[in-house]
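Examination of the molecular architecture
What follows is the residue order along each chain.
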Amino acid sequence: MSNTEKTQVKKIIEPRTLKGFRDFIPEAMIPREKLIERVTNVYRSYGFCPIDTPVLEYLEILMGKGSEETDKQLYRFKDSGGREVGMRFDLTVPFARFAAQHFAELGVPFKRYHLAKVWRGENTQAGRYREFMQCDFDTIGTTSVVSDIETAFVINDILEKVDLRTDDAFTKFKVHVNSRKILNGALEKLGLSEQATPVLRALDKLAKIGADAVVAEMAETAGATEEQARSILEIACAMGANVEILERLEAALQGSELGLQGVAELRQILDATREAGIPTERFLVDVSIARGLDYYTGTIFETFLDEIPQLGSVCSGGRYDNLAELYTKQKLPGIGASLGLDRLFAGLEELGMVEKKATTVDVFIPLFDAQLTNRYVALGRGLRQRGIGVEIYPEPKKLGQQLKYADKKGFKLALVLGSDEVARGVANLKDLRSGGQQEVALELEALVRAIYDALQA
RNA sequence: GUGGAAGUAGCUCAGUUGGAUAGAGCAUCGGAUUGUGGCUCCGAAGGUCGAGGGUUCGAAUCUCUUCUUCCACCCCA
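In this text, all values refer to a predicted model and were calculated from it rather than measured experimentally.

**Quick word on helix α2 (residues 26-45)**
Relative to the 28 Å expected for 20 residues at 1.5 Å per residue, α2 spans 28 Å between its end C-alpha atoms, a close match to the ideal helical length. Among the structural elements, β5 (110-119), β6 (131-140), α6 (145-160), β11 (334-340) and α14 (341-350) are those in contact with the buried residues of α2. Where α2 terminates, the next one or two residues include Gly47, which has phi positive at roughly 90 degrees.

**Quick notes on the nonpolar core**
Ranked by size, the top nonpolar core spans 75 residues in total, and within it Leu35, Tyr43, Leu159, Met218, Leu249 and Leu339 carry the most contacts. Considering every element that reaches this core, the biggest residue donor is α6, with eight residues. Sequence-distant contacts of Met218, defined by excluding residues within four places in its chain, comprise Val199, Ala202, Leu203, Gly223, Ala224, Ala229 and Ile232. Core analysis: the next-biggest nonpolar cluster, separate from the first, contains 22 residues, Leu372, Tyr376, Ala427 and Ala450 among them.

**Here we look at a nonpolar patch on the surface**
The grouping of Val55, Leu56 and Phe77 at the surface amounts to a nonpolar patch, some 220 Å² of accessible area in total. Looking at the secondary structure, you find Phe77 in strand β3 (residues 76-78).

**Digging into the domain arrangement of chain A**
You can read the domains of chain A as domain 1 (26-350) and domain 2 (363-456). Averaged C-alpha coordinates put domain 1 and domain 2 at centres separated by 49 Å.

**Let's talk about the sheet that holds strand β2 (residues 56-58)**
If you walk across this open sheet you meet the three strands as β2-β4-β3, and the pairing is antiparallel. Of all the strands in the sheet, the pair left with one neighbour each is β2 and β3. The sheet shows a mean angle of 35 degrees between the axes of neighbouring strands, taken without regard to direction.

**Considerations on the environment of Gly191**
Structurally, Gly191 can be placed in the loop between α7 (180-190) and α8 (196-203). Considered as a pair, Gly191 and Ala224 are 33 residues apart in the sequence and their alpha carbons are 9.7 Å apart.

**Some remarks on the confidence of the model for chain A**
Taken as a whole, chain A shows an average pLDDT of 88; of its residues, 95% reach a score of 70 or greater. Contacts of residues 1-10 to residues separated by more than four positions or lying in other chains number two contacts, the stretch itself having pLDDT below 50.

**Observations regarding the pairing of β6**
A large share of β6 lies buried, amounting to ten of its ten residues. Residues Glu131, Met133, Cys135, Phe137 and Thr139 line one face of β6 and the alternating positions Phe132, Gln134, Asp136, Asp138 and Ile140 line the opposite face, and both faces are buried. Here β5 pairs with β6 via ten bridges, running antiparallel. Considered in β6, the bridge of Arg112 is made with Asp138. Both β6 and β11 contribute to a ladder of seven bridges, which runs antiparallel. Bridge pairing in β11 links Cys135 to Leu339.

**A closer look at the sheet that holds strand β13 (residues 390-392)**
Pairing in this open sheet of five strands is mixed, and the strands run β13-β12-β14-β15-β16 from one edge to the other. This sheet does not close on itself; its edge strands, each paired only once, are β13 and β16 (437-441). Strand after strand, the sheet turns through a mean of 25 degrees between neighbouring axes, direction not considered. Inspection of the sheet shows strand β12 (residues 363-365) paired to β13 by three bridges, in the parallel sense. Directly across from Phe364, in β13, lies its bridge partner Glu391. Strands in contact with helix α16 (residues 399-409) are β12, β13, β14 (413-416) and β15 (426-431); relative to β12, the strand with the most contacts, it is inclined by about 160 degrees. Contacts from helix α18 (residues 444-456) reach β12, β14, β15 and β16, with the element oriented near 150 degrees to β16.

**Focus: the packing of aromatic side chains**
With the rule as written, the count across this model stands at twelve aromatic pairs. Their ring planes at 35 degrees and their centres at 5.5 Å tell us that Tyr43 and Tyr113 sit as a pair that is tilted. With Tyr43 in helix α2 and Tyr113 in strand β5, this residue pair connects regions lying 70 residues apart in the sequence. Assessed through its relative accessible area of 0%, Tyr43 is described here as buried. Among the aromatic residues, ring-to-ring pairing joins Tyr43, Phe48, Tyr113 and Phe137 into one connected group.

**Observations concerning the pattern of salt bridges**
The tally for this structure, following the rule as stated, stands at 28 salt bridges. We note a salt bridge from Lys34 to Glu355, for which the minimum N-O separation is 3.9 Å. Highlighted residues: Lys34 in helix α2 and Glu355 in the loop between α14 and β12, separated in sequence by 321 residues. The exposure class assigned to Lys34 is partly exposed, which follows from its relative accessible area of 31%. The exposure class assigned to Glu355 is partly exposed, which follows from its relative accessible area of 34%. Linking Lys174 and Asp306 is a salt bridge whose minimum nitrogen-to-oxygen distance equals 3.0 Å. Of the two residues, Lys174 sits in strand β7 (residues 173-179) while Asp306 sits in the loop between β9 (296-305) and β10 (315-320), which places them 132 residues apart along the sequence. The exposure class of Lys174 is partly exposed, given its relative accessible area of 22%. Accessibility expressed as a relative area gives 34% for Asp306, which makes it partly exposed.

**Quick word on the environment of Pro198**
With respect to the helices and strands, Pro198 occurs in helix α8. On a C-alpha basis, the gap between Pro198 and Gly223 in space is 9.3 Å, while along the polypeptide they are 25 residues apart. When sequence neighbours within four positions are dropped, the list of residues in contact with Pro198 reads Thr221 and Ala222.

Definitions and limits used
Residue numbers here run from 1 along each chain, matching the order of that chain's written sequence. The lettering of chains begins at A and the numbering of ligands begins at 1, in the order of writing. In view of the model being predicted, local features appear only for residues whose pLDDT reaches at least 70, and side-chain atom pairs are presented and counted only at 80 or more, with totals across whole chains, interfaces and linings using the full set of residues. Side-chain figures throughout are based on the complete set of non-hydrogen atoms in the structure, without hydrogens or water. Think of it this way: any DSSP run of H or I at least four residues long counts as a helix, any run of E at least two long counts as a strand, and we number them from the N terminus. The span one expects for a helix is its residue count, reduced by one, times 1.5 Å. Note on definitions: a residue-residue contact is assigned when non-hydrogen atoms from the two residues lie within 4.5 Å. By nonpolar core is meant a set of buried Ala, Val, Leu, Ile, Met, Phe, Trp, Tyr and Cys residues that side-chain atoms within 4.5 Å join together. Think of it in three bands: residues with accessible area under 20% of the maximum for their type are buried, residues over 50% are exposed, and the middle band is partly exposed, with areas taken using a 1.4 Å probe on protein chains only. Residues with no salt bridge and a relative accessible area higher than 30% make up the patches, which join like charges within 9 Å and nonpolar side chains (Val, Leu, Ile, Met, Phe, Trp, Tyr) within 5 Å. Throughout, the Shrake-Rupley method with a 1.4 Å probe supplies accessible areas, and for residues the shown protein chains are the sole cover considered. Here, a salt bridge means any Lys or Arg side-chain nitrogen found within 4 Å of an Asp or Glu carboxyl oxygen. Domain borders in the structure are assigned automatically or taken from a domain database. Strand pairing follows a simple DSSP-based rule, namely that at least 2 bridges must link the two strands. The convention used is that axes are lines fitted to C-alpha atoms, helices contributing only their stretch in contact, and that angles between N-to-C directions extend from 0 to 180 degrees. Predictor confidence is given residue by residue as pLDDT, running from a minimum of 0 to a maximum of 100. Two rings from Phe, Tyr or Trp (for Trp, the six-membered ring) form a pair when their centres sit within 6.5 Å of each other. Planes less than 30 degrees apart are called stacked, planes more than 60 degrees apart edge-to-face, and all others tilted.

Given below as structure tokens:
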């Protein structure tokens, strides 16, 4: 190697991505898009409509809610015009701004979904990144329990569709439901309303750290007495069938109008899911889930995969009284939830529910004989117009090598066409999974029919 | 942000007490096989040993700094 060549080699910039940011190769992106498509279809089937908002917002919009944590995690900078801007760290805050700005033209109730990337400058961990996708859906402008019910349905329907290998319903998940009204009612009765945030934050960790540690944390961060803490836990730990838990809660919350209202709402949601034919074990009343965010005021949802609960919630949400209070005097109550696509996807991969494929079409046409190139491209186009995706190999390599490529990428069928076949007016349709092949008349309609039949099999 | 562990080929990893030109399997590309993939055999290509400094006659190996990844905490999807 000459010196000049060496210098040039040194000039190569190391290809790399930022910590917590990822590339997606086709094998990862194809199933990801499939999941996105399924999620979107569920949203649309309930009448949710798509919106989008800018990646960058004025810093004051994003910092409005200003908890210390979000401030630290916010990607912020000055743009070239000297404006203080930030990248959205969730889709709820931009939606609140959006709703405040446009509610007059949109009208209520308004149902939107929003699938987009968000950014948080926090430390990475398995299934946790600095750039990740959220899939929010919200219904605003109504306090009707119908919205709570349909939110529960949507969560259920999405999760049923996550097995990407098949169209069959996935069933190994649980939606934990609770109501902030129940929690607040209980806190009220115990005289802990003032310390709601630290108490609930501690309670939220129950499954993870155990009862004693929760009591200790409540004492430390909220100044709760052991008796108060134990009472909260007693209510939160209610085990058994949903109906029993609700009955016990009802008894424990006598005198708290708010708490009883929460119980009644949960009861109505559960009744509705049962009547709609959703398996009753799918939804669990779980008074220990509290959610970190303090803007929730009613029903709360968290969703766990049965086989990997330690992954955390893959779809969470709840009801709030006033989404956009920072940006408008108009009161906008609503309910919504967010699917953590990247976390869910990490779980699906772990469970082997992601089909590996590196092609977006099923049919492969090798460039067997360069003399027949125009024949191949015309045939490919004809099939595409009939709804069959086709890829044509661009180079006249040996047939074996072309088929090897097709095999590796995961094509299902190869349409082999050489001068022999053309002379005889046929094409060879090869099934790449079984290895079998059949001759089909070299005529578009016959080929379309044969391909559809082969793909069904 | 805090604490712990680890970074050697695209991936998984070996590399002895500090010693010569850093290895294997899988994957990639080519050949055996000019009309048929998966199996087999042969070959090729692929390395700033994460990066930068220090100790040393000599560093993948020891040391410091830094970056990255993983785990736990915090918080969250």
